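# Observations on chain architecture
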Amino acid sequence: MSSFGRALGVFRVGTQLLRRDPARITRRKASGVPHIEPQYRQYPQLTKKQKFEAEFVSSVMWFWILWHLWHDPAAVFGHFPWPDASQWTDEELGIPPDDEE
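Okay, so let's go over this structure. (Residues numbered from 1 in each chain as written. Predicted model: local features only at pLDDT ≥ 70, side-chain atom pairs only at ≥ 80, totals over all residues. Heavy atoms only, no water.)

## A few points about the overall build of the protein
Stated formally: Here a helix means four or more residues in a row that DSSP labels H or I, a strand means two or more in a row labelled E, and each is numbered from the N terminus. Relative accessible area decides the class of each residue, using a 1.4 Å probe on protein chains only: under 20% of the type maximum gives buried, over 50% gives exposed, and in between gives partly exposed.
When helices and strands are tallied, the protein shows five helices and zero strands. Ordered by position from N to C terminus, the α and β elements of the protein give α-α-α-α-α. Counting all 101 residues of the protein, 0% fall into the buried class.

If you want it as structure tokens, here you go:
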């Protein structure tokens, strides 16, 4: 019986919506923020809040990157010691011998 009551309630709400003006159903506010119309080949118009939020998020991102680069460089440069390039031979580097023409 409970499911029948729910179905009846949904049916009742649906009929009330259909009796109203259809334009009223589709008209919506953009959550209270200013709506920006798309513009062809023009820069977007940003609000001060959007600019602040973008700069804040990018500042946090760069802080995170530089903080971890400074405090955990092994995560970027590797955990093993760098090889000493002065000890490599010409053959390992792909340099042909001097007497070869």
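Resuming the write-up.
## Description of the packing of aromatic side chains
Which entries qualify depends on this criterion: Geometry of aromatic contacts follows a simple scheme: Phe, Tyr and Trp rings, the Trp one being its six-membered ring, pair when their centres are within 6.5 Å, and the pair is stacked under 30 degrees between planes, edge-to-face over 60, tilted otherwise.
Counting across every chain of the model gives two aromatic pairs. Each ring, one from Phe 52 and one from Phe 56, has its centre 6.2 Å from the other, and the planes form 20 degrees; the classification is stacked. With a gap of four residues between them, Phe 52 and Phe 56 both fall in helix H3 (residues 48-71), about one helical turn apart. For the pair Phe 52 and Phe 56, one class covers both residues: exposed.

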